[in-house]
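Geometric and topological summary
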Amino acid sequence: MPLDWGLGHATRDIPLIYEMLNAGAQVFIAAEGKHAALLKQEFPEITILPLPGYRIQYAQKGKFFGMKIIQQIPKIYKAVKYEQRWLKKIVKEYQINAVISDNRFGLYQKDIPTVFITHQLLIKTPFGGWIERTLQKINYNFIRKYSACWIPDFAGDNNLSGELAHPAKLPPNTTYIGCLSRFEPQPDVQRKYDLLVLISGPEPQRTNLEKLVLDQVKDLSLKALIVSGKPGTHYHEEVAPGVIHVNHLDAKALNEAMLASDMVLSRSGYTTLMDLVKLNKKAILVPTPGQSEQVYLGEYLMEKGYFYSVAQEKFNLKTALEEVSRFPFKSFQHEQDMSLYKDVVKQFVQKLQQP
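Residues numbered from 1 in each chain as written. Predicted model: local features only at pLDDT ≥ 70, side-chain atom pairs only at ≥ 80, totals over all residues. Heavy atoms only, no water.

Some remarks on the pattern of salt bridges
Defined as follows: Whenever Lys or Arg places a side-chain nitrogen within 4 Å of a carboxyl oxygen from Asp or Glu, that contact is recorded as a salt bridge. Comment: elements are numbered from the N terminus, with helices defined as DSSP H or I runs of at least four residues and strands as E runs of at least two. For the exposure calls, accessible area comes from a 1.4 Å probe over protein chains only, and a residue counts as buried if that area is under 20% of its type's maximum, exposed if over 50%, partly exposed in between.
According to the stated counting rule, one finds 10 salt bridges in the structure shown. Here E83 makes a salt bridge to R104, at a shortest N to O gap of 2.7 Å. Residue E83 is found in helix α5 (residues 73–94), and its partner R104 is found in the loop between β3 (99–102) and β4 (114–117); the two are separated by 21 residues along the sequence. For the pair formed by E83 and R104, the shared burial category is buried. Here E184 and K278 are joined by a salt bridge, their closest N and O atoms 3.3 Å apart. Within this pair, whereas E184 is found in the loop between β6 (174–176) and β7 (193–198), its partner K278 is found in helix α9 (residues 270–278), the two being separated by 94 residues in sequence. On the basis of relative accessible area, E184 is assigned to the partly exposed category, the value being 40%. Beyond isolated ion pairs, a larger network of salt bridges with shared partners links R191, D194 and D262.

Written out as structure tokens, the structure is:
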């Protein structure tokens, strides 16, 4: 049951669903819109139960992003109350004996095991201080209603999320389950691109970054693939010698394109970061303006030496490519077990199957 805040919550659930199926569980998926369509494409045999999302609206300007989200807290609470009523009905109708919620706050029940997935125990805002402490308190109050909390990251200092998922105090029943990515490494993939550009996120910032890249890439001698993150419409054009611009790639094609690229340029969305470390790719991160989580992750991971990060308002493609040629790019993957989540899921399903 993924949160409808970007497709990342749906795509990062794909490996979990595969492991549950491998462990012999019958799986139902609850989602709507493009999230339901993506998961239906991946799992055509699984029943999709329609569940409205939170339908968060984004600010037009980055500096108002945090305030816009805070203003919608009453709407989120209303959605949570609906989730509670919906879940009670669905559990009875489909004889559900466990629930896994990816960052949706209302999908808990006392009578069955329920799991809350999040990488944000601490919710970043542009304001910091008491506002972040208040949001964390609200967050923990909901998480404690679940049987367990699964964090898609690693314990210890070598992690992807920093203080977002490693605060001073953790909620009870917390388990770090490692990296969640639908992508898989493949041997001997031929290099095709100097640069793969993955443009994503809410408007108007998605278009703003797309325009910046398209304007600047034409002046450089690069083999590049630009993916605009606009599924549903077909577009494929050579916009400059050696530079291909497409609207969308399916999962298999995107997996191959990432492996075939020397460098990736993308937002610092958390699911994208997990995809990058799973495939052991170097990347230039351009956080979405105003999204405090992405700004923090970009700065944190650059300081750790895993990725290079630059603010969109300072972005210059030529300069960034010159800078990354001197950046150390420590390998995150060599320090961690990329299949950690598989054992967690297997043990969870085995407990459900016990008489």
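Concerning unusual backbone geometry
With a phi angle near 55 degrees, Q95 is a residue other than glycine that sits in the positive phi range. Judged by relative accessible area, Q95 falls into the exposed class, the value being 65%. Its identity as a non-glycine residue notwithstanding, N280 has a phi of 55 degrees, on the positive side. On the basis of relative accessible area, N280 is assigned to the partly exposed category, the value being 35%.

Looking at the domain arrangement of the chain
In plain terms, the rule: Here the bounds of each domain stem from an automatic or database domain assignment. Here, two residues are considered to be in contact whenever any of their heavy atoms come within 4.5 Å of each other. Buried surface area refers to the total accessible area, computed with a probe of radius 1.4 Å, that the two partners give up upon joining, counted for both partners together. Think of it as three bins: nonpolar holds Ala, Val, Leu, Ile, Met, Phe, Trp, Tyr, Cys and Pro, charged holds Asp, Glu, Lys and Arg, and polar takes everything else, Gly as well.
Its domain assignment divides the chain into domain 1 (7–179 + 338–353) and domain 2 (193–325). Here the C-alpha centre of domain 2 lies 26 Å away from the C-alpha centre of domain 1. Tallying the contact residues gives 27 residues for domain 1 and 21 residues for domain 2. Together domain 1 and domain 2 conceal approximately 2,100 Å² of surface at their shared face, both sides included; 64% is due to carbon and sulfur atoms. Of all the secondary structure elements, the ones that give two or more residues to the side of domain 1 that touches domain 2 are α1 (8–11) and α4 (65–71). Take the side of domain 1 that touches domain 2: its biggest share by element is 3 residues, from α1. For the side of domain 1 that touches domain 2, the class distribution of residues is 9 nonpolar, 13 polar and 5 charged.

What to know about the environment of Q294
Using the following cut-off: We define a polar contact as two N or O atoms separated by no more than 3.5 Å, with the added condition that, inside protein, one atom must be a possible hydrogen donor and the other a possible acceptor, whereas residues neighbouring each other in sequence contribute only through side-chain atom pairs.
Locating Q294 in the fold gives a position in helix α10 (residues 292–304). Excluding anything up to four places from it in sequence, Q294 contacts R267, S268, G269, P287 and T288. A distance of 2.9 Å separates a polar side-chain atom of Q294 from the backbone nitrogen of T288.

What about the UniProt feature "domain: Glycosyl transferase family 28 C-terminal" (unreviewed entry) in the chain?
Using the following cut-off: UniProt positions are given in the numbering used here, feature names are shortened, and annotations may be inferred rather than shown by experiment.
Annotation from UniProt places "domain: Glycosyl transferase family 28 C-terminal" (unreviewed entry) at residues 249–327. Counting secondary structure, residues 249–327 comes out at 49% helix and 14% strand; the distance between its end C-alpha atoms is 29 Å.

Description of the nonpolar core
Heads up, the condition is: Within this scheme, the nonpolar core is defined by two criteria: the residues are buried Ala, Val, Leu, Ile, Met, Phe, Trp, Tyr or Cys, and they are joined through side-chain atoms within 4.5 Å.
Counting 60 residues, the largest nonpolar core has W150, L225 and F307 as the members making the most contacts within it. Each of domain 1 (7–179 + 338–353) and domain 2 (193–325) accounts for three or more of the residues forming this core. Beyond its immediate stretch of four places on either side in the chain, L225 contacts Y193, L195, L196, V197, I244, V246, L249 and A257.

Here we look at the sheet that holds strand β5 (residues 148–151)
Let me state the cut-off plainly: Two strands form a pair only when DSSP identifies at least two bridges running between them. Every angle, taken between N-to-C directions, lies between 0 and 180 degrees, and every axis is a line fitted to C-alpha atoms, over only the stretch in contact when it is a helix.
Read from one edge of the open sheet, 4 strands run β3-β4-β5-β6, paired in parallel fashion. Strands at the two margins of the open sheet, each flanked by one partner only, are β3 and β6. Within this sheet the neighbouring strands show an average axis-to-axis angle of 25 degrees, counted without direction. Direction of pairing for β5 relative to β6: parallel, over a ladder of 3 bridges. The residue of β6 that forms the bridge with C149 is T174.

Things to note about the side chain of H245
Along the chain, H245 falls in strand β10 (residues 243–246). Taking the relative accessible area as the measure of exposure, H245 reaches 6% and is therefore buried. Only 3.4 Å separates the side chain of H245 from the side chain of E210, close enough to count as a polar contact. With residues near it in sequence (within four places) discarded, H245 still touches E210, L214, I226, S228, Y235, H236, E237 and V239.

Quick word on the packing of helix α2 (residues 14–22) against helix α3 (residues 33–42)
Keep this limit in mind: Any angle between 65 and 115 degrees counts as roughly perpendicular, while under 35 counts as roughly parallel, over 145 as roughly antiparallel, and the rest as oblique. Throughout, a crossing is termed right-handed when the near helix is turned clockwise from the far one, and left-handed when it is turned anticlockwise from it by less than a right angle.
Two elements in contact, α2 and α3, have axes whose closest approach is 11 Å; the angle formed by their N-to-C orientations is 40 degrees. As the angle between them shows, α2 and α3 are arranged oblique. For the pair α2 and α3, the sense of crossing is right-handed. Along the contact surface, α2 presents I14, I17 and Y18, while α3 presents L38, L39 and E42. In the contact of α2 with α3, the residues fall into 5 nonpolar, no polar and 1 charged.

A few points about the sheet that holds β7
Taken in spatial order, the 7 strands make up an open sheet running β9-β10-β8-β7-β11-β12-β13, and their pairing is mixed. Only two strands of the sheet have a single neighbouring strand rather than two, namely β9 (236–240) and β13 (308–309). As defined by bridge partners, strand β12 (residues 283–285) adjoins β13 across 2 bridges and the pair is classed as parallel. Among the inter-strand pairings, I284 is bridged to a residue of β13, identified as Y308.

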